[in-house]
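Next come the chains, spelled out residue by residue.
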Amino acid sequence: MIVAEAALDVGVHKHPSLDTWFLVTEKSTYVVGASTDGFLINLHWGKRLTRLENLNATVPPITLSQIPPISYATEEIPVFGGLRYREAALKVEFVDGIGSTMLDIKLRDSNRTGFSVTLHYDLDVENDIIRRSYTVYNGLKDCINLERAFSAAWHPPTALNVDERREVLTLAGEWAHEAQVHWTTLHPGVTHTIQSPRGFTDHVSYPYFAIRQVPSDVNPGTEVYFGALAWGGSWEIAIHTNTYGYTRITGGIHHLDFGWTLEPGESFNTPWFIAGFTDEGMPGARKRLPRHARMVQKESLATQKKDTVHNPVLYNSWEAVAFDVTAEKQMALAEKAASLGVELFVVDDGWFGARDNDSAGLGDWFVNPNKFPEGMKPLADRVHTLGMKFGLWFEPESTYWFLNFPKVNPNSNLYREHPDWVFYYDGIPRYESRNQLLLNLGLQEVQDYIYERVSTIIAEVGVDYIKWDMNRPYQGVTMHNYDRNPKEAWVLAARGYHTLLSKLKKKYPQLWIESCSSGGGRMDLSVLEYVDQVWTSDNTRPDARILIQYGASLFLPPRTMYGWVTDSGTDNTVNIPLSFRFHISYMGGLGIGSNLNRFTEEELEETAAWIKLYKQLRPVIQNGDLDWLVPPSRVGELLAVSQTTSHDQSKAVVLGFRQGSPFSDVLSPVRLRNLDQEAAYKVQVWYTSPDAPAEEYELSGSLIMSQGIKLDGLNFAFFRSAVVYLQKNWI
């Protein structure tokens, strides 16, 4: 192989004599080339190349009729048709028959030159990540119908040989069981599909993957290819491995019931499909994608531009009062919350319409005059006087409907006035879930109504934060009285949700927004362009949250991943210490959801002290890289240890958890990572008391990483936890 003379800096470079482009990040290179017969081929994805190699895109000639080369080619955008028999990224029905970090490549149909696809590449150089999407343009005289529009195809290099084993990490779950980590072996001839056809990101599966080589005698197995879709509607990712060890990853908008019509002169943009490479194993993947998501947040949101502005400690009043919301009760809770050091006070469900239970009121976004005779502004003003921000819960996409009242719902004025605003199929029952129907966010009038009501309340009351919830899957998704393709409703609704968030952020740049869908049903990279934080799960049991946060931290920046300290779990025989509950919630944004009216004076004092300590550690916790030294397990010692490290390695916070000690064994020292081995670190350890460190000493970074630190306070105990704070050059 002859190597060209030019050295490669980060950014996008074109080969001087070949139609080949090199996309270079700090530690990786992605190479794409155009063959002479018109195919766009991936030529390399992996470790950083230092020179413009003479990589020329070719598709081998046919040697066997049953093995068409184009079906095995590493095409950037494999389309439906020809001798292609693997997953297609794009299917279209024709009705008539340098220094830059961005690259666009335009492809034209050789038979219909007015039809084009422009591929978009956007580099995150620092984090070794590439974002890909494309634009389909109809320059023909007739309309065309898109029947599939995946965003990209990715091609990791083949395994070293067919006997080597690759695994894919995916995240599965259900309500209250979000983001559970699963490893699956990739077998030849098998396609692994993860998906949500429910209209939103969903709890059942998450649009994330990571592929690693299983270590062997000849391969250390440190290379990982990982990625995620930035899309909030129905989605799917398919991973197929052939018998030669080549893997193809395709993904994007779910193909089920998808359709989009392009009239002459119109175009369609696919969502971003984000992927990266690291040779630092899963810790490297876990670091890069959250860093990328944080970068996008800082670019998109006025409230997130500065690392020195931290996501607030919040109190949510739901567990204290449920639907029994009154001005007096909220005032009393606000006084208590402020005395503890809370920075954001949130009124949850029950403040609006006829909302005395979960079978009435949704859609009627007007302050209940019986619960707030003077309106809600006096409460917001008092919260502000106490030095806190004021927040409200909304579920704007839902309305109520009962089978006994198919046309007039006495419990929702909105549905009575606008029954055509919901999703439904003609001639088919309107299937309710949780007594709810979903409003069609693809309708402009629905968007206008929601924006007007939410925006008006924000302005009139003085709202600083909203929690946007959604509690049922989509059904009956179509458009009525619509002169285009009614299947466009799936995309229009997803875009409508983002449009509303964007409009609210534009009008109120300092408004904080939390994404929620029955817990973690709307955790994805697309929503982080519009919201400050996500609600990770309705399950606030700390022993469950260890497993949930372990999975969610693969793609969420720590500050966005909120955990609450709530009353002990649903098992009446389990009494989980307040310290353990706090330490779990220390892992990201901190919230308090317990009924403060039931707290003793000692518990209130302990709560205030833990909040004070969290604020001291928060710059590291919210802005650092979260890693797991000991992943959580359902078996054995039930131990888990995380480490969050500042980018400059000057500080770190370690959280250790021991749920049980069935064998009464003394724990081995825990070896840390990513410290400065030449530096001395001050080490402080807290266990059950926040008042003062239980242990305090000095060790070198080298010794901490090679010998580890002891957490003796976790020995011989159930639900015992530790907080460790390390500071470099503290003398």
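Scroll up to find the structure this text is about.
Description of the structure in this document.

Rules used throughout
Residues numbered from 1 in each chain as written. Predicted model: local features only at pLDDT ≥ 70, side-chain atom pairs only at ≥ 80, totals over all residues. Heavy atoms only, no water. Helix = DSSP H or I, 4+ residues; strand = E, 2+ residues; numbered from the N terminus. Rg over C-alpha atoms; globule rule 2.2 N^0.38 Å. Buried < 20%, exposed > 50% of the residue type's maximum accessible area, 1.4 Å probe, protein only. Areas by Shrake-Rupley, 256 points an atom, 1.4 Å probe, with all protein chains shown as cover. Lys, Arg positive; Asp, Glu negative; His and termini not counted. Charge placed at Lys NZ, Arg CZ, Asp CG, Glu CD. Contact = heavy atoms within 4.5 Å. Pairing = 2+ DSSP bridges. Axes fitted to C-alpha atoms, helices over the stretch in contact; angles between N-to-C directions. Core = buried A, V, L, I, M, F, W, Y, C linked by side-chain atoms within 4.5 Å. Expected span 1.5 Å × (residues − 1). Arc of directions from axis to C-beta.

1. Thoughts on the overall build of the chain
Inference 1: Scanning the chain from N- to C-terminus turns up 12 helices and 37 strands.
Inference 2: Relative to the 2.2 N^0.38 estimate, which gives 27 Å for 731 residues, the radius of gyration of the chain is 27 Å and therefore close to what a compact globule would have.
Inference 3: In terms of principal-axis extent, the alpha carbons of the chain reach across some 80 × 70 × 45 Å.
Inference 4: Looking at the chain as a whole, 60% of its 731 residues qualify as buried.
Inference 5: Just so you have it, the chain exposes about 28,600 Å², and 51% of that area is on carbon and sulfur atoms.
Inference 6: In the chain, which carries 67 positive and 86 negative side-chain charges, the distance between the mean positions of the two groups comes to 2 Å.

2. A short note on the environment of Val683
Inference 1: On the secondary structure map, Val683 appears in strand S35 (residues 680–686).
Inference 2: Look at Val683 and you get buried, because its relative accessible area is 0%.
Inference 3: Between the C-alpha atom of Val683 and that of Ile709, which follows or precedes it by 26 residues, the distance is 9.2 Å.
Inference 4: In this structure Val683 touches Glu695, Glu696, Tyr697, Ile704, Val724, Tyr725 and Leu726, once residues within four positions along its chain are discounted.

3. Regarding the sheet that holds strand S4 (residues 28–34)
Inference 1: In space, the four strands of this open sheet follow the order S2-S3-S4-S5, with antiparallel pairing throughout. Lying at the two open borders of the sheet, with one neighbouring strand each, are strand S2 (11–14) and strand S5 (40–47). Neighbour-to-neighbour, the strand axes of the sheet open up by a mean angle of 15°, direction not taken into account.
Inference 2: Across five bridges, the pairing between strand S3 (residues 20–24) and S4 is antiparallel. Residue Val24 lies in a different strand from S4, and its bridge partner there is Thr29.

4. With respect to the nonpolar core
Inference 1: Of all hydrophobic cores here, the largest spans 173 residues; its most connected members are Tyr121, Tyr208, Phe345, Trp351, Phe390, Ile466 and Tyr586.
Inference 2: In terms of residues, this core owes the most to one element, helix H8 (residues 489–507), which gives 10 residues.
Inference 3: Counting 22 residues, the second largest nonpolar core, distinct from the first, contains Leu629, Val654, Leu672 and Val685.

5. What about helix H4 (residues 327–340)?
Inference 1: A rise of 1.5 Å per residue sets the reference length of H4, with its 14 residues, at 20 Å; its end C-alpha atoms lie 20 Å apart and thus fit the reference within 8%.
Inference 2: Restricting attention to buried positions, one finds in H4 the residues Ala327, Gln330, Leu333, Ala334, Ala337 and Leu340. For H4, the angular spread of buried residues about the axis comes to 135°, placing them on one side. Across from the buried face of H4, at angles greater than 90 degrees, the exposed residues are Glu328 and Ser339.
Inference 3: Where H4 is buried, its residues touch strand S22 (314–316), helix H3 (318–321), strand S23 (344–347), helix H5 (377–385) and helix H11 (601–623).
Inference 4: Positioned one or two residues after H4, Gly341 has a phi angle of 100°, which is positive.

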